[in-house]
Amino acid sequence: MTAAPSAPSAAIAATGVVKTFGDRRALRGVSFSAAPGEVAAIIGPNGAGKTTLLSILGGLQPPTAGTVSRSASEVGWVPQQPAVYRKLSVAENLRLFARLEGVEDPDAAVARMLAQTGLEDRAGEELGRLSGGNQQRVNIAIGLLGDPPVLLLDEPSSSLDPRQRERLWEFIRGLATGGTAVVFSTHNVQEAERFADTVLVLADGELLFSGSPRGLEAEVGDGDRDFEAAFVEFLRERGH
Amino acid sequence: MRWLLVKDLQILRRSPLLVVLLVAYPVIISVLIGLALSKGPDKPTIAFVNEVPAGETEFTIGGEVRDASTYASELFKSVEPVRVRTRAEAVKKVKDGEVLGALIIPRDATEKLRSALSLSGAVELPTLEVIYNQEDPIKAEFVESTIKARLADANKALSDELTKVSGQYLDILLRGGSFRILGRGFDVLGLQRTKQVLEGVRADLPADDPSRPALDEVIRFAGLAIDNLDLSDEILGAIGEPVKVKRTVLDGASTPLDRFAIAVAVTISLMFVTVLLAAGMLALEREEHAFGRLVRGLVSRTTLVVEKIVLSALCALVVTLLMLGGLSLFVALDAGRAPLWLPALGAGAVAFGAMGVALGALAREVRAASLLAFLMSLPIAFLALVPSGSVSAGLFDVIRVVSAVFPFKASLDAVDAAVNDAGGLGVALAHLAALAAAYAAVARLALRRFA
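Rules of the game
- Residues numbered from 1 in each chain as written.
- Chains lettered and ligands numbered in written order.
- Predicted model: local features only at pLDDT ≥ 70, side-chain atom pairs only at ≥ 80, totals over all residues.
- Heavy atoms only, no water.
- Helix = DSSP H or I, 4+ residues; strand = E, 2+ residues; numbered from the N terminus.
- Buried < 20%, exposed > 50% of the residue type's maximum accessible area, 1.4 Å probe, protein only.
- Areas by Shrake-Rupley, 256 points an atom, 1.4 Å probe, with all protein chains shown as cover.
- Salt bridge = Lys/Arg side-chain N within 4 Å of Asp/Glu carboxyl O.
- Contact = heavy atoms within 4.5 Å.
- Buried area = accessible area lost by both parts, 1.4 Å probe.
- Nonpolar A, V, L, I, M, F, W, Y, C, P; charged D, E, K, R; others polar.
- pLDDT = per-residue confidence, 0-100.
- Pairing = 2+ DSSP bridges.
- Axes fitted to C-alpha atoms, helices over the stretch in contact; angles between N-to-C directions.
- Core = buried A, V, L, I, M, F, W, Y, C linked by side-chain atoms within 4.5 Å.
- Domains from an automatic or database assignment.
- Parallel < 35°, antiparallel > 145°, perpendicular 65-115°, else oblique.
- Left-handed = near helix turned anticlockwise from the far one by under 90°.

Here we come to the overall build of chain A. A tally of regular secondary structure across chain A gives eight helices and nine strands. Considering chain A as a whole, with its 240 residues, one finds that 52% of them fall into the buried category. Only carbon and sulfur atoms are counted for the fraction: they give 45% of the accessible area of chain A, which is about 9,800 Å².

So, in structure tokens, the structure goes:
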């Protein structure tokens, strides 16, 4: 991940993205790009603009100014809450969204996603009866139905217990290994440190840092701090 | 849109309780309302005390024997009599709430009636006693008005008899004849014959006879009386029924009440199923967090609005067509008009569906949307059923405007026209189309802040 706009090999790039709601500026000229197979975490305090940035990258809302290199149909989107129908089975949910996505062979896509999520044996179960972790896996699988080069996840582990969280990150790392660029937002900075190649630090709509977790620690200077303490110090030094 | 429809039907299929409630509730409500509209209240139970001794119920009018119980039966046309022996027993039943009221015919009722009709000069008329509780004003009003109406009918029947008898007496006075009073027979010469006799006597008198002027005066009086008594039948008829009513229907359908009740019941079902389903299913997209995912290029917001309208309209159409089919087993509906049911019900369902999605888009949560749909539907239905003249003109104008803004009145007009040939189907369909477009536009606007 680089703060420089759109490298030729970038899976997704944002250039000078601005978003205003009335008088409030939610994003102030954010630019970054992510390469294929890269995992990028967007972190920052509450109200920093993390979800707004993700929703613009995902095509849920247009930017007030600036550009995004990918259209909505080229990007897989996974909202924070599982956006699935609890009365439908796992397979029916996948099939419905595969059809709506216009996937050429919906049944094959469903089979592929069931295998990828490890939910083949629960394909016929109503989604509402599955655990939160399994629901989130289906939620992510729906985002991947169109085989997108980029997957955007909004707080993907927020409602999961530690064991479910581990399985989720294992799954996401597997996607990245397969070449999918993954951009996620999180409040959990340890997760960003552990699973992200790159962290984007947003505060008050401004991109303050873009680089590796170790790079963020180096920015603060003192090597004794853990990542979370370094992040807090980084924000404090910049007046947030 | 096809896959969204399939998805929603799958969800409904897996929510049997919701489907049962959604179908059963409006059907039950509408059938109850239909029954209430088509049937009058049950006959009130009234304690009845007849103190007149057995065999003493007969009286005579104009030489003809009548039985007072014939007139008393008029009273029982609108009440369910519970016969008791004494006044005290009747009062106790009213106090205990076993009956709504009591009617007491006193011992001397027939006797007083006989005296009044016997030309004996007696003027005291029989008086019936009515007893009822005042603790429930609605019941009291109902009992009082029912008994008053029936007593008026009984009085009218007696009055007709008296008028007839009076006419007969006047006819005898005019033309002559015989009649009986208190067992004695009388022969009456009659005014016409009297005049003829007097004119014969006058003709035989000399021209200068001193009694001629007096005789002329009596003959003139007899002529005048004859001319005026000729009109007595009409005058007596007018006294019996001084005001006649001519009914002229200026506007509106001539649908019988039971068939109009069917139109009301079907329209209420159509409204509940469609509005609740459309509002709930749209709000469900947000509650399942699927809305954002859907409108992110998979489905347009307009398509989503249309899909929910189509879904709810189709379901309501099936329910109401089945309902009409079922009702036609009990009430004779014109099967030849069945092809018109579909456009009427379809247009109503689409307009209600559009209103439902507008409510769902505004409320944004299933429970809030369902509550809002329910709270809005019932008053709208009742307002649309308020008849003109039952409230002030200004208030009725307000009610008309409010009713025109919501689809119930137009749907009722369309269903009534289609089922009962009440006329005005085209206007109602155009009204529904305009309302559907307006509500769909409101829903589409509300979806901008739905996610």
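So, on to the pattern of salt bridges. Applying the stated criterion across every chain yields a total of 28 salt bridges over all chains. Among the ionic pairs, A:R238 bridges to A:E219, the shortest N-O distance being 3.2 Å. With A:R238 in the segment after helix 8 (227–237) and A:E219 in helix 7 (residues 213–220), this pair connects stretches of sequence that are 19 residues apart. What makes A:R238 partly exposed here is its relative accessible area of 33%. Put simply, B:K7, B:D8, B:E285, B:E307 and B:K308 are held in one network by salt bridges that share partners.

With that settled, consider the environment of B:D416. Residue position: B:D416 is located in helix 16 (residues 407–420). By relative accessible area, which is 8% here, B:D416 ends up buried.

Moving on to the interface of chain B and chain A. On the side of chain A, 28 residues touch chain B, which itself brings 18 residues to the contact. Summed over both partners, the interface of chain B with chain A comes to about 2,100 Å²; 58% of that surface belongs to carbon and sulfur atoms. Together, B:R14, B:R293 and B:R296 form the three largest contributors to the area buried by chain B at its contact with chain A, with a combined 40%. In this assembly, chain B and chain A are joined by two salt bridges. Looking at which element gives the most residues to the side of chain B that touches chain A, the answer is helix 1 (residues 2–13) of chain B, with five residues. Of the residues contributing to the side of chain B that touches chain A, the split by class is seven nonpolar, four polar and seven charged.

Residue and element names in this part refer to chain B. Counting all residues, the mean pLDDT for chain B is 82, and 86% of those residues have values of 70 or more. Looking over chain B, one finds the lowest element-wise mean pLDDT in helix 9 (residues 232–240), namely 68, and the highest in helix 17 (residues 425–446), namely 94. Prediction confidence for the complex, expressed as pTM and ipTM, is 0.69 and 0.80 respectively.

In this section: the sheet that holds strand 1 (residues 12–21) of chain A. Residue and element names in this part refer to chain A. If you trace the three strands from one edge of the open sheet to the other, you get 2-1-4, paired in antiparallel fashion. Each edge of the sheet is formed by a strand with only one pairing partner; in this case those strands are strand 2 (24–34) and strand 4 (65–68). In this sheet, neighbouring strand axes are inclined to one another by 20° on average, regardless of whether the strands run parallel or antiparallel. Bridge count for strand 1 against strand 4 is three bridges, and the pairing is antiparallel. Each residue of the ladder has a partner; that of V18, found in strand 4, is A65. Taken strand by strand, helix 1 (residues 50–57) contacts strand 1, strand 2 and strand 4, and its axis lies near 60° from that of strand 2.

Moving on, we come to the nonpolar core. Counting 135 residues, the largest nonpolar core has A:L94, A:F97, A:I140 and B:F408 as the members making the most contacts within it. Examining the composition of this core, we find that 19 residues originate from one element, helix 10 (residues 257–287) of chain B, more than from any other. Per-domain counts for this core show at least three residues from each of domain 1 (1–70 + 149–240) and domain 2 (84–147) of chain A. If sequence neighbours within four positions are ignored, A:F97 has contacts with A:A83, A:Y85, A:I142, A:L145, B:R293, B:L294 and B:L298. Residues A:A11, A:L27, A:V75 and A:V150 belong to the second largest nonpolar core, which totals 23 residues.

To continue, consider the packing of helix 2 (residues 90–101) of chain A against helix 4 (residues 132–143) of chain A. Residue and element names in this part refer to chain A. Taken N-terminus to C-terminus, the directions of helix 2 and helix 4 make an angle of 20°; their axes are 10 Å apart at the nearest point. In terms of their interaxial angle, helix 2 and helix 4 are classed as roughly parallel. As for how helix 2 packs across helix 4, the hand of that crossing is right-handed. The residues of helix 4 that touch helix 2, namely those facing V90, N93, L94, F97 and E101, are V138, A141 and I142.

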